[in-house]
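Inside the fold
Below are the chains, spelled out letter by letter.
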Amino acid sequence: MQASPQQSPSRESPRLTIVVPTFNERDNIAALVNSIDEVLHGKIAWEVVFVDDNSPDGTAEFAKKLGQADARVRCIRRINRRGLSGACIEGMLSSSAPYIAVMDADLQHDESILPVMLDRLTAGDVDIVVGSRLGEGGSAAGGLSAKREMSSRIVASIVTRFFPRGVSDVLSGFFMMRREAFDVLAPQLEQSGFKILADILITSGDSLRVAEIGFTFRARQAGVSKLDSRVVLDFAGLLLNKLSRGVIPVRFVFFALVGASGVIVHIVTLRLALISVGLSFAVSQSLATLVAMTWNFYINNEITYRDSQLKGVRFLQGLLLFYLVCGVGAVANVGMANWLFVRDPVWWIAGLAGAAVGAIWNYALSSSLVWKR
Ligand code: GDD
Ligand code: MN
């Protein structure tokens, strides 16, 4: 006889999955689980899913230890991947509960609004409830410096102008939603980046019914924030992608910008080698090409493909492969430019078309071969 889940549940299946992305949060997660248990005790069957990007401080091992003592604690350990949005998406996709929430591990998000969020969702008139630091009843004073609060407000108001959804704090990392609504959106969400909620709200268009609940953003418990200036860059890329209705991939924008910066590096190196050092043109040009390719590889590895960053031996292997890809890309570039120039000798059109073909080639091959995931 086949066992059906209804006949023999091994434990009460969770109705709420709380996804907690972690990177170096070992000293925070036990306290977080306790505080969640305190507010949800007797209210709903819940589970916590830590999604850890192989933190060097051993967060994943520790989370699994917690899981051995308490079946409501799960942990997904990801290797060679980094990224807050991707981690949240993966955790949410692992849920089979009707409701899912996302919150930070560092105790900055006030767990006491979890039951309030849940009540809003179970009442059935909304699909997603956002924990807001900026709207009514919310405050960011404890957890954000004056400078960050101001930039949060500015960015939030820009986003709201382009994509009005009636949410004051689109940058919040704290929300709860119906899983089915998430499952529909998941394939369209951007994996790289920090702003999963903004992506969900923008991507959903008008299809999600949204509510907001204020909370006080507390100071981080242990450890340090991982939000840096690259996060701002990522977010600009996400907005561009959404404004172009997904036609321009975020990564390609970064890749092209890095390529443009590589042109400057090329010219500077060429000038130094040719004029300052006095090498021959052929040698100087070869050197400049090599330096520019290495620069492009390094910056792309740091920014464009940060979520699958290559390190150690894989960095060197990737670099060699990147030289090869760009070498072929250069041939395609020159081939295309020549072909056009012969037909219609407008030099800059031929030149630009060649560069575009080269860039697209380099991008496609880099994404699928060098930084493949
Ligand atoms: N798995 C994984 N991978 N988790 C990550 C990563 C990553 O690359 N980067 C950060 N995290 C986890 C942290 O461990 C923490 O639990 C949570 O994501 C938030 O990261 P923080 O580093 O604490 O961010 P913050 O407090 O500066 O930023 C908060 O405010 C932002 C808006 O101002 C967060 O709530 C953000 O989500 C929010 O967008
Ligand atoms: Mn934080």
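The structure displayed is predicted, hence computed values, not measured ones.

1. Re the environment of tyrosine 298
Mapped onto the fold, tyrosine 298 is located in helix α10 (residues 281-304). Along the primary structure tyrosine 298 and valine 258 are separated by 40 residues, whereas in three dimensions their C-alpha atoms are 9.8 Å apart.

2. A word on the sheet that holds strand β3 (residues 73-77)
One open sheet holds the 7 strands; their spatial order is β3-β2-β1-β4-β6-β5-β7, and the pairing between them is mixed. Edge positions in the open sheet fall to β3 and β7 (210-214), since each of these has one partner strand only. Strand-to-strand twist of the sheet, defined as the mean angle between neighbouring strand axes without regard to direction, takes the value 20 degrees. In the sheet, strand β4 (residues 99-102) pairs with strand β6 (residues 175-178) via 4 bridges, with the strands oriented antiparallel. If you follow tyrosine 99 over to β6, its bridge partner there is arginine 178. Each of β1 (16-22), β2 (46-52) and β3 is contacted by helix α2 (residues 59-69), which is oriented at about 150 degrees to β3, the strand it contacts most. The sheet strands contacting helix α3 (residues 84-93) are β1, β2, β3 and β4, and the helix crosses β1 at an angle near 155 degrees.

3. Structural notes on the nonpolar core
Residues Ile18, Val19, Val20, Ala101, Met117, Phe175 and Met176 are the most contacted members of the largest nonpolar core, which totals 61 residues. Here this core gets 6 residues from one element, more than from any other, and that element is helix α7 (residues 196-203). Counting 13 residues, the second largest nonpolar core, distinct from the first, contains Phe297, Leu310, Phe322 and Val370.

4. Regarding helix α9 (residues 250-277)
Between its first and last C-alpha atoms α9 spans 39 Å; for 28 residues at 1.5 Å apiece the expected length is 40 Å, and the two agree. All of the buried residues in α9 are Val250, Arg251, Phe254, Phe255, Gly259, Gly262, His266, Leu270 and Ala273. Once α9 finishes, glycine 278 follows within two positions and takes phi at roughly 85 degrees, a positive value.

5. Examining the site of ligand 1
Near ligand 1, the surroundings consist of 23 residues, among which Pro21, Ala87, Ala105, Gly173 and Ser225 are the closest. Listed by contribution, the elements that provide at least two residues to the shell around ligand 1 are β1, β2 and α3. For the shell around ligand 1, the residue count by class is 9 nonpolar, 6 polar and 8 charged.

6. Looking at the packing of α9 against helix α12 (residues 347-370)
Two elements in contact, α9 and α12, have axes separated by 10 Å at closest approach and are oriented at 120 degrees. In terms of orientation, α9 lies oblique with respect to α12. Taken as a pair, α9 and α12 cross one another with a handedness that is right-handed. Each of Arg251, Phe252, Phe255, Ala256 and Gly259 in α9 lies in contact with α12, whose residues at this interface are Ala359, Tyr363 and Ser367. In terms of residue class, the contact of α9 with α12 is built from 5 nonpolar, 2 polar and 1 charged.

Conventions and cut-offs
Residues numbered from 1 in each chain as written. Chains lettered and ligands numbered in written order. Predicted model: local features only at pLDDT ≥ 70, side-chain atom pairs only at ≥ 80, totals over all residues. Helix = DSSP H or I, 4+ residues; strand = E, 2+ residues; numbered from the N terminus. Pairing = 2+ DSSP bridges. Axes fitted to C-alpha atoms, helices over the stretch in contact; angles between N-to-C directions. Contact = placed C-beta atoms within 7 Å. Core = buried A, V, L, I, M, F, W, Y, C linked by C-beta atoms within 7 Å. Buried ≥ 20, exposed ≤ 12 C-beta atoms within 10 Å, placed from the backbone. Expected span 1.5 Å × (residues − 1). Near = placed C-beta within 6 Å. Nonpolar A, V, L, I, M, F, W, Y, C, P; charged D, E, K, R; others polar. Parallel < 35°, antiparallel > 145°, perpendicular 65-115°, else oblique. Left-handed = near helix turned anticlockwise from the far one by under 90°.

These figures come from the coordinates and say nothing about function on their own.
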